[in-house]
Amino acid sequence: MSLELVPIGTILSVLTNQVLKTAQAATDVLIEKESFKVLSKHLFNIEPVLKELQLQTLNDSQAARRTLEFLEEDVKKANNLVEKYKNRSRFYLLFNCRHIVKEVQEVTRDIGRSLAALSIANTELLTGISDQVNRLQNEMQRVEFEASQSKIKIVDKLNQGINDAILDQGFANDMLEEIAMAVGVPVEPSEISKELENLRKEKEETANRKERAEAFFLEQVIELLSRADAARDFEKVKEQYAQRVQVIERYDTSREYITPLKTFFCPINRTVMVDPVSLCTDTTCERAAIKAWFDRGGRIDPVTGDLLEDFTLRPNLGLRQSIEEWREINYCLKIRSSKEKLLSGEDLSVEEALSQMQDLIRENSINKDWIAIGGLTGIIVSILGSSHNKDVKRNILITLKDVVEGHPRNKEKVVESQGLDHVIPCLGRDSSISKAAVELLYELLQDKSGWNVSICRKLSQTGSAILFLATLLKGPVRESAEKAEKILMKLCDEDEENISRAARADWYKPLIDRIIQGSESSSRISMVRTLVNMELVDQNIMLLGKEGVIPPLLEMVSGNVESQDASLSALVKLSGCHENKELIAADGGVTIIVDLIVSTHTRSTIIARCCEVLEKLTSDDGIKFLVDENGNQLEIEQIIKKLLAFLQSANSSNIVLRPALRALLGICKSGAMFIKTAVLTANGVSLILPLLDGSDPEIREIAINLLSLFTQHEPEGVVEYLFKPRRLEALVGYLENGDKADVQMAAAGLLANLPKSEVSLTMKLIEVEGLNALISILRSGTMEAKENALTALFRFTEHTNLDSQRKVVELGAYPLLVKFLRVGSVTAKARAAALIGNLSTSSPKLAVVSKPARCSCFRSSCVPLCSAHGGICSVITTFCLLEAGALPLLVNLLHDEINATAYEAIQTLSTLVREESPHRGARVLHNADAINPILDILNWGQGSLKEEALLLLEKVFTVREMVENYGSVARLRLVDITGRINNEDGHFRRKAARVLALLDRYSGFDTSSLATGLHG
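Everything in this summary refers to the structure shown in the same document. Worth saying up front: this structure is predicted, and the values here are computed from it rather than measured. (Residues numbered from 1 in each chain as written. Predicted model: local features only at pLDDT ≥ 70, side-chain atom pairs only at ≥ 80, totals over all residues. Heavy atoms only, no water.)

Section: the overall build of the protein
- In terms of helices and strands, the protein carries 55 helices and five strands.
- For 1016 residues, the compact-globule formula gives about 31 Å, and the C-alpha radius of gyration of the protein, at 52 Å, lies well above that figure.
- Seen along its three principal axes, the alpha-carbon backbone of the protein occupies a region of about 165 × 90 × 65 Å.
- A buried classification covers 50% of the 1016 residues belonging to the protein.
- When the accessible surface of the protein is summed, it comes to about 47300 Å², and 48% of that surface belongs to carbon and sulfur atoms.
- When the 121 positive and 139 negative side-chain charges of the protein are each reduced to one mean point, those points stand 4 Å apart. (Helix = DSSP H or I, 4+ residues; strand = E, 2+ residues; numbered from the N terminus. Rg over C-alpha atoms; globule rule 2.2 N^0.38 Å. Buried < 20%, exposed > 50% of the residue type's maximum accessible area, 1.4 Å probe, protein only. Areas by Shrake-Rupley, 256 points an atom, 1.4 Å probe, with all protein chains shown as cover. Lys, Arg positive; Asp, Glu negative; His and termini not counted. Charge placed at Lys NZ, Arg CZ, Asp CG, Glu CD.)

Here is the structure:
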């Protein structure tokens, strides 16, 4: 029907529908979507214009009909263009992207021009939307489209490769992958086969349209892309391999190579051709070689010498196919030979086979398939698991990587052959093997989209994989460590359990990252629980803190109960490290923990965790880290009171009491002022004593430690407590428990702090073998326990209680005390010297003074008399320090020039010089070379030590003989010392004057003026 007979309203309606249809269809084109999207948008914008014309009753004029006809024709062109490209091969559309974009641009501009004409013809009717129409037609007439630069780059690269006759496998693989990714086709053989088949149809249609140039181009593209690995149909590959195997069956099994025919060689470069092309003279050469010939100016046939009239190169497809068949037959011969060598079991033959396999893969990637089809992959995987030859293992790993690289099917084959089970142990071998193993493993885990999730999960199920990979991170080969880390990170992303496994293998990065960055509370808590359940050495504890795990843990403390419990448990684990204590304090963690402890709303389990953290913070460091984020000291007294308050609460369970008491112990060890706070302000002794009657052994042990500190300031009430049934025996039990050194030391310290005046306690301790336990500590306890035990022995060596002194000696304490003079700590030496002095005080009254012999002939049979005590002495009977061999050791203490030990040594030596018979003791000291070191003390000793030295010298210089021997030296020392004495130290001056007076009495030296000065 002629348009003149169709009502103009109908034309408008049909045109409107056509515009909408074309606009919708344009959105479905798969290539150059942006260009078609713009076209679609403009078409949709034309619809309101046409609708407006319908509403305004368009005049049925010749001009109006003509403008509508032009617009309809242009819209039809657009629709035809859309239909033309809507269902075409995606590869084809990519190759023609430039042309398609130009077509879209032209049709859009044509529609814009027709729209402008329509607007001019209907100006009055379109008054209401004139601005909109003008803007639309202007945009459409000026539109400019460009093909995607990335697609143009791919097309140019493809054209260049075809022009340069690049037909190698690598180029084909790269081009196919780039093209497929550009058009959204998966790089899978099935999908690629469909696209290539569609491209073949495009080529046939192009040939039918007599478009020879384009048909030839498509043929070249199809030939190139068909060489790519992903373009191969596996069934065809198997069929092709089977055909070649049938051919080689007629050759002897020892045959590995068939020589090429002469026609296979290029006459120019004398090598077997890859891309043979024929000249107009029918001479065939390698394409690259003849092109180079032409480039060098060659204008004749390189074989016949004839002048070439035509320089066109024609592919010699028949010869190329023959050469390819020859190559493939040789491939199969080598595969058969390699298989026999692998099965021989000889390392040398196996290595030859592996080398052959690597060469085959380098020559043509189809051999990856044929090697697998021939069964070689499974064989070398098996050899990998059984061989002990390092070189064989390494070469198998390298070969397997070549076999599986970029080949999903072969990867699955290796995994199905238990390849992972054999590859993973190789990660723990020497660096060359582990490097090859991790590279193979990394390749196995890759696919076109990134990571092969299926194989990753299988690897996760192999228990030792994480451990070996984590070990590689610390290895010497950087490349291996980088690959191992990438694999580990992926495994950890796939399964949280792998994060725990990695952490147990001492690789904490994923664990730390999840704790720091974790958003899901359940996942974060799970990671923290993993940290809590791990066995960590100090180095790793410090590393976790350094890597930033503490701030998120403190953040979690403000969460729900589960979050609090997990984070506090982790902080308990981490706060044993000095560096982490600093971090916790600097981040305000101590304030948070203390606030939870003092809060009345905190659950007991959380309080217990807080107290555990507090205990760790105070252990070894006291109150150093009990500060806020600004470093200001917290109110320690309030913390002490709160910790002790738990003892008064009936609701406090042992899970709270244990850490609370340990924290209190840590604080109190910081200094006497905190012990006083606990004892005097909070009645600590009365609160701690009942704990000794509790059923929890750990609480009892902590209580002993606290009482050891508290009784230094307030022992009241403890003696009465110990006299209650079975309590003293319990204390002795702690003394006897050498397995708990700290408890043993504390028990001895507790006894050392109790009043020595309590004789009944002393005797009761002897009765329940407490003395035995103390002496046993002197033999085998720690030095700290020995020091406390020595102090506790003072109550048994009081000179007023000979029975207890005798018991001490009978139990073998004396030799131990003497030994301490030689090898003990300074404190132990001082206390041992003092204890020997206590015993020595009783020696004079215990010594048996013999009567004068009646006849000189009996003297030889008399028992020797003690030079100090003038009687018969022994260690057991008189506690004589000379008999015990203590004298030279005491003198040595004077030579050591240590005030603490010298002070006690002087006092003990003084027990030898008695006022009623000073000559004996003085001579003993003289014979032991003790006088000069005593005089030396006047030079280096402190005030109290000098006073003791003067007291002893005062007794010694009552003996004229001693004055004669040492008077001149002593006088110089005394005059010099007293001359430097502070005028206010009158007590010391008077003692020095008395000694000088003794020297003057026997020497005749006039010291009256000096004496006057000293007393003045």
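Some remarks on the packing of aromatic side chains
- Evaluation of the coordinates by the stated rule reveals six aromatic pairs.
- Aromatic pair Phe95 and Phe217: ring centres 6.0 Å apart, planes at 90 degrees, arrangement edge-to-face. In this pair, Phe95 is assigned in helix α4 (residues 90–95) and Phe217 in helix α10 (residues 212–225), connecting sequence segments 122 residues apart.
- You can call Phe217 buried: its relative accessible area is 18%.
- Ring centres of Tyr442 and Trp451 lie 5.5 Å apart, and the angle between their planes is 85 degrees; on these two criteria the pair is classed as edge-to-face.
- Grouped by ring-pair contacts, the aromatic residues Tyr257, Phe264 and Trp326 constitute a single cluster. (Phe/Tyr/Trp six-rings, centres within 6.5 Å; stacked < 30°, edge-to-face > 60°.)

A closer look at the side chain of Glu787
- In this structure, Glu787 sits in helix α43 (residues 783–792).
- Arg831 is the oppositely charged side chain nearest to the buried, salt-bridge-free Glu787, at an N-O distance of 4.9 Å.
- In contact with Glu787, other than residues within four places in its own chain, are Ser825, Thr827, Ala828 and Arg831. (Salt bridge = Lys/Arg side-chain N within 4 Å of Asp/Glu carboxyl O. Contact = heavy atoms within 4.5 Å.)

Quick look at the state of the cysteines
- The tally for this structure, following the rule as stated, stands at zero disulfides.
- Not engaged in a disulfide, the cysteine Cys285 finds its nearest cysteine sulfur in Cys266; these two sulfurs lie 5.0 Å apart.
- Judged by relative accessible area, which is 1%, Cys285 ranks as buried. (Disulfide = S-S within 2.5 Å.)

Points about the sheet that holds strand β1 (residues 276–278)
- Here we have three strands laid out as an open sheet, ordered β2-β1-β3, and antiparallel in their pairing. The strands lining the two open edges of the sheet, one partner per strand, are β2 (284–286) and β3 (314–315).
- Taken together, the three bridges between β1 and β2 define a ladder with antiparallel strand orientation. Its bridge partner being in β2, Ser278 is matched across the sheet by Thr284.
- Its contacts with the sheet place helix α12 (residues 287–295) against β1, β2 and β3, and it is angled at close to 90 degrees to β2. (Pairing = 2+ DSSP bridges. Axes fitted to C-alpha atoms, helices over the stretch in contact; angles between N-to-C directions.)

Thoughts on a nonpolar patch on the surface
- Together, Val848, Val863, Leu865 and Ile872 make up an exposed nonpolar region whose accessible area comes to about 320 Å².
- Along the chain, Val863 turns up in the loop between α46 (826–846) and α47 (875–878). (Patch = residues over 30% accessible without salt bridge, like charges linked within 9 Å, V, L, I, M, F, W, Y side chains within 5 Å.)

Here we look at helix α37 (residues 697–710)
- Helix length check: α37, at 14 residues, gives a terminal C-alpha distance of 20 Å against a target of 20 Å (1.5 Å per residue), a fit within 8%.
- Within α37, eleven of the 14 residues are buried, which leaves the element mostly enclosed by the surrounding structure.
- Turning to α37, its buried residues are Ile699, Glu701, Ile702, Ala703, Ile704, Asn705, Leu706, Leu707, Ser708, Leu709 and Phe710.
- The N-cap residue of α37 is Asp696: its side-chain oxygen and the backbone nitrogen of Glu698 are 2.9 Å apart. (Expected span 1.5 Å × (residues − 1). Polar contact = N/O pair within 3.5 Å; in protein donor to acceptor, adjacent residues only side chain to side chain.)

Focus: unusual backbone geometry
- Although it is not a glycine, Asp620 sits at a positive phi angle of roughly 70 degrees.
- Relative to the helices and strands, Asp620 is located in the loop between α32 (604–618) and α33 (636–648).
- Non-glycine residue Glu897 carries a positive phi angle of around 55 degrees.
- Among the secondary structure elements, Glu897 is positioned in the loop between α48 (887–895) and α49 (899–910).

Regarding the packing of helix α45 (residues 813–823) against α48
- Where α45 contacts α48, the two axes come as close as 9 Å, and the packing angle between them is 30 degrees. Accordingly, the angle class assigned to the pair α45 and α48 is roughly parallel. Between α45 and α48 the crossing geometry is left-handed. Between α45, through Val818, Leu821 and Arg822, and α48, the contact on the second element is made entirely by Leu889, Leu890 and Leu893. (Parallel < 35°, antiparallel > 145°, perpendicular 65-115°, else oblique. Left-handed = near helix turned anticlockwise from the far one by under 90°.)

Some remarks on the environment of Ile667
- With respect to the helices and strands, Ile667 occurs in helix α34 (residues 654–668).
- When the C-alpha atoms of Ile667 and Thr911 are compared, they prove to be 42 Å apart, with 244 residues separating the residues in sequence.
- Beyond its immediate chain neighbours, meaning those up to four positions away, Ile667 contacts Thr618, Ile623, Leu626, Ile636, Ile639, Ile640, Leu643 and Phe674.

Things to note about the packing of α33 against α34
- Look at α33 against α34: their axes get within 9 Å of each other, and the N-to-C directions meet at 145 degrees. As α33 runs across α34, the sense of the crossing is left-handed. Across the interface between the two elements, Ile636, Ile639, Ile640, Leu643, Leu644, Phe646 and Leu647 of α33 pack against Val656, Leu657, Ala660, Leu661, Ala663, Leu664 and Ile667 of α34.
- Counted by class, the contact of α33 with α34 contains 14 nonpolar, no polar and no charged residues. (Nonpolar A, V, L, I, M, F, W, Y, C, P; charged D, E, K, R; others polar.)

Overview of the pattern of salt bridges
- A complete count under the given rule lists 51 salt bridges for this structure.
- Between Arg98 and Asp156 there is a salt bridge whose closest N-O contact spans 2.9 Å. With Arg98 in helix α5 (residues 97–121) and Asp156 in helix α7 (residues 149–163), this pair connects stretches of sequence that are 58 residues apart.
- Looking at Arg98, the relative accessible area reads 36%, which means it is partly exposed.
- Residue Arg409 pairs with Asp369 through a salt bridge whose shortest N-O separation is 3.9 Å. Taken as a pair, Arg409 in helix α18 (residues 408–416) and Asp369 in helix α15 (residues 366–373) lie far apart in primary sequence, 40 residues in all.
- For Arg409, a relative accessible area of 37% puts it in the partly exposed group.
- Where salt bridges share partners, they join Glu615, Arg658, Arg662, Asp696 and Glu698 into one cluster.

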